[in-house]
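One letter stands for each residue in the lines below.
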Amino acid sequence: MSKSSIYKDVQKLNLVTPDYKKWPIYNIFENRDDFVQEVAWQAIDEIFKRNSIADIKEQLASAYYLEKIRIKTDPYKVDLDDENEFWKSVKIRMTDLMVGNVENEKNEIKTVVEDIVKRYAEEITGDFKISTYRFAQGMVPVILRRVLNSARAKYIKKFYSNKYLLSDKIHYTGHIDLIRQLATKATIIFVPTHFSNLDNILIGWAIESIGIPPVIYGAGLNLFNSRILGYYMSRLGAYKLDRRKKNDIYLETLKTYSRISIEKGCHYLFYPGGTRSRSGMLESRFKLGLLGTAVDAQFENCKKNETDYKKVILVPTVINYHFVLEAKQLIEQHLKSEGKEKYFLNNEADIKGASTVLNLMWKFFSTESESAISFGQPMDIFGNKVNALGESHDKQARVIDISNYFRKDNELVEDDQRNSVYTKMLSDQLLKEYRKSSVVFTSHIVAYTVYELIKKMHPKLDLYNLLRLPSDDRIIAKDTFIKNLENAIQFLKSKADEGSILLDPKLHNSTEDIIEHALSNLGIYHKERVVYQTKQGDFTSENMNLLYYYHNRLYGFGIQYHIS
């Protein structure tokens with residue numbers, strides 16, 4: 001890398017807490033049954049504290065209806081065998097309540113809720129086994145290196161070569177030393193962007209590489225359909241997240257699981273955007289449910305010890321790719337969802353996509369392309385910067401006691417509405433940090449410039465007509481493209497000097513080298529060239545949908561004002 005490299009040379013750092021018996025994740029799962037019971041009873045308490053009996057009866061009816069639809073229309077192999085019998089019994093008990101056959105209605109409703117919540121809590125709760133963790137800690141890097149070297153090798157005899165290192169493919173940047181220091185005295189929650197199904201592998205590898213003890217994370221219940229994958233995930237801190245379940249009782253149980261895990265000091269990982277970005281843009285809004293559990297957990301920590309409470313620290317984490325393997329499917333889904341009748345699905349679209357994580361890994365590692373993981377500025381749950389001592393600083397750089405955010409008349413007061421406002425404030429601050437921690441690649445700015453120039457050539461067309469432009473109408477003259485690309489890069493350099501964005505070192509190379517590097521990466525996987533040069537030297541695209549997707553990575557940075 002050049003002298004201007006933003007990347008840190010991180011091979012593998014020692015664990016900041018080497019004694020596993022001091023890990024909260026180890027201790028809570030040593031007593032898993034007690035933990036499940038605690039989650040269940042606190043979730044039940046929350047349901048009855050926040051709702052009237054009439055409201056809870058409605059929630060029960062809704063839960064039954066939605067669960068019966070799920071069982072019939074979208075079954076998983078991993079679903080419990082007694083699903084139908086359990087929900088039939090719920091219906092019978094609810095029917096008795098509705099016809100007045102139960103003398104003590106409130107007690108019976110509570111019993112039904114208890115049975116459902118305990119079932120959900122048991123399903124959600126994963127496990128953690130130190131033996132499985134140690135096995136994975138030793139084997140995962142070996143497997144990833146083998147896949148990398150085998151995918152890159154021309155002959156099978158090179159399978160056991162170690163010519164290529166993971167550090168050749170995955171770069172790190174950001175506040176690594178500060179995160180390591182904070183992890184010994186606070187609860188760390190990593191909140192990454194989400195672009196690809198590869199994110200879990202890369203971010204998991206990165207967190208482990210910088211020496212942070214294992215984190216709790218959510219994994220879709222569908223992944224547990226695979227016995228081998230399910231076995232390892234369930235023993236490595238993963239909790240089961242069933243996106244089919246939309247009822248309020250399930251969601252309250254899930255939130256309670258998250259809050260209690262954080263209260264107990266377990267380091268955590270969750271995607272605040274909820275799902276992969278279909279448009280290719282950085283997240284512009286978050287699902288606030290799980291994020292709110294961090295605020296609630298901090299309040300509970302302050303209640304337990306008003307003077308020496310444990311901090312909850314969030315680390316915005318941005319995953320940067322030159323290309324996304326699922327880009328074609330994702331942008332099709334986005335355009336179809338947003339455009340409805342305006343968008344006609346391209347019959348040539350590869351809707352099936354990569355079928356397995358191993359397939360994704362193989363395709364990613366077989367290319368020359370790189371990724372970069374950027375660990376942003378750690379912040380408390382109010383968005384304040386935090387120093388190595390774990391102290392929060394306000395905008396005037398003064399040390400502040402964050403427990404005061406929860407006080408009224410000098411007393412700690414529980415206030416759901418106030419906490420929801422704090423959650424929204426935290427969300428806004430994380431979104432700002434995502435932009436500051438984004439690494440701009442050559443492929444990003446080249447795709448952005450080409451799309452914006454085509455758009456300016458056809459100012460009267462809406463998005464969907466623009467995407468259907470004939471090939472002859474999307475050609476950019478070489479001189480026009482280079483002039484605007486250089487203007488855009490100059491603007492980005494000024495933003496990087498301000499600390500508002502990060503630039504890959506290759507963007508400091510000559511314009512010709514930048515273009516060559518970008519075109520090689522944009523054309524490295526997709527059948528249709530996202531950007532290419534014609535025989536005359538002009539620039540165009542074979543697939544406007546993909547061009548739009550990769551352009552979107554830099555949407556909202558103000559670059560369009562420097563392209564004419």
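Bear in mind that the values here come from a model prediction, so they are computed numbers and not experimental data.

Draft legend 1. Representation of the nonpolar core within the structure. Counting residues in each nonpolar core, the largest one holds 168 residues, and the members touching the most others are Phe190, Phe375, Ile445, Phe481, Tyr550 and Ile559. Here Ile559 is in contact with Ile445, Tyr448, Ala488, Phe491, Leu492 and Leu554, once residues within four sequence places are set aside.

Draft legend 2. The arrangement of the domain arrangement of the protein chain in detail. When the domains of the protein chain are assigned, the result is domain 1 (22–124), domain 2 (128–436) and domain 3 (439–562). The distance between the C-alpha centroids of domain 2 and domain 3 comes to 29 Å. Across the contact, 39 residues belong to domain 2 and 33 residues belong to domain 3. The contact between domain 2 and domain 3 buries some 3000 Å² in all, and 58% of this surface belongs to carbon and sulfur atoms. At the surface where domain 2 touches domain 3, the tally comes to 2 salt bridges. A salt bridge links Glu370 to Lys506, with the shortest nitrogen-to-oxygen separation between them at 3.7 Å. Here domain 2 is connected to domain 3 by 9 residue pairs in polar contact (both at pLDDT 80 or more). Broken down by secondary-structure element, the contributors of at least two residues to the side of domain 2 that touches domain 3 are strand E6 (311–321), helix H13 (327–339), strand E7 (371–375) and helix H15 (416–436). Among the elements that line the side of domain 2 that touches domain 3, the one with the most residues is H13, at 9 residues. Across the side of domain 2 that touches domain 3, the residue classes break down as 16 nonpolar, 12 polar and 11 charged.

Draft legend 3. Quick peek at the packing of aromatic side chains. Counting across every chain of the model gives 26 aromatic pairs. A ring pair is formed by Phe29 and Phe35, whose centres lie 5.8 Å apart and whose planes are at 75°; its orientation type is edge-to-face. Plain terms: the ring middles of Phe382 and Tyr405 are 3.8 Å apart, the flat faces sit at 10° to each other, and that makes the pair stacked. Here Phe382 is found in the loop between E7 and strand E8 (385–386), whereas its partner Tyr405 is found in the loop between strand E10 (399–400) and strand E11 (407–408), with 23 residues between them in sequence. The class of Tyr405 is partly exposed, set by a relative accessible area of 25%. Grouped by ring-pair contacts, the aromatic residues Phe29, Phe35, Tyr239, Tyr257, Tyr268 and Phe270 constitute a single cluster. Over the aromatic face of Phe86 sits the side chain of Arg119, whose NZ or CZ is 4.3 Å from the ring centroid. Note that Arg435 overlies the ring of Phe557, its terminal NZ or CZ placed 4.9 Å from the centroid.

Rules used in this analysis
Residues numbered from 1 in each chain as written. Predicted model: local features only at pLDDT ≥ 70, side-chain atom pairs only at ≥ 80, totals over all residues. Heavy atoms only, no water. Core = buried A, V, L, I, M, F, W, Y, C linked by side-chain atoms within 4.5 Å. Buried < 20%, exposed > 50% of the residue type's maximum accessible area, 1.4 Å probe, protein only. Contact = heavy atoms within 4.5 Å. Domains from an automatic or database assignment. Buried area = accessible area lost by both parts, 1.4 Å probe. Salt bridge = Lys/Arg side-chain N within 4 Å of Asp/Glu carboxyl O. Polar contact = N/O pair within 3.5 Å; in protein donor to acceptor, adjacent residues only side chain to side chain. Helix = DSSP H or I, 4+ residues; strand = E, 2+ residues; numbered from the N terminus. Nonpolar A, V, L, I, M, F, W, Y, C, P; charged D, E, K, R; others polar. Phe/Tyr/Trp six-rings, centres within 6.5 Å; stacked < 30°, edge-to-face > 60°. Lys NZ or Arg CZ within 6 Å of the ring centre and 35° of its normal.

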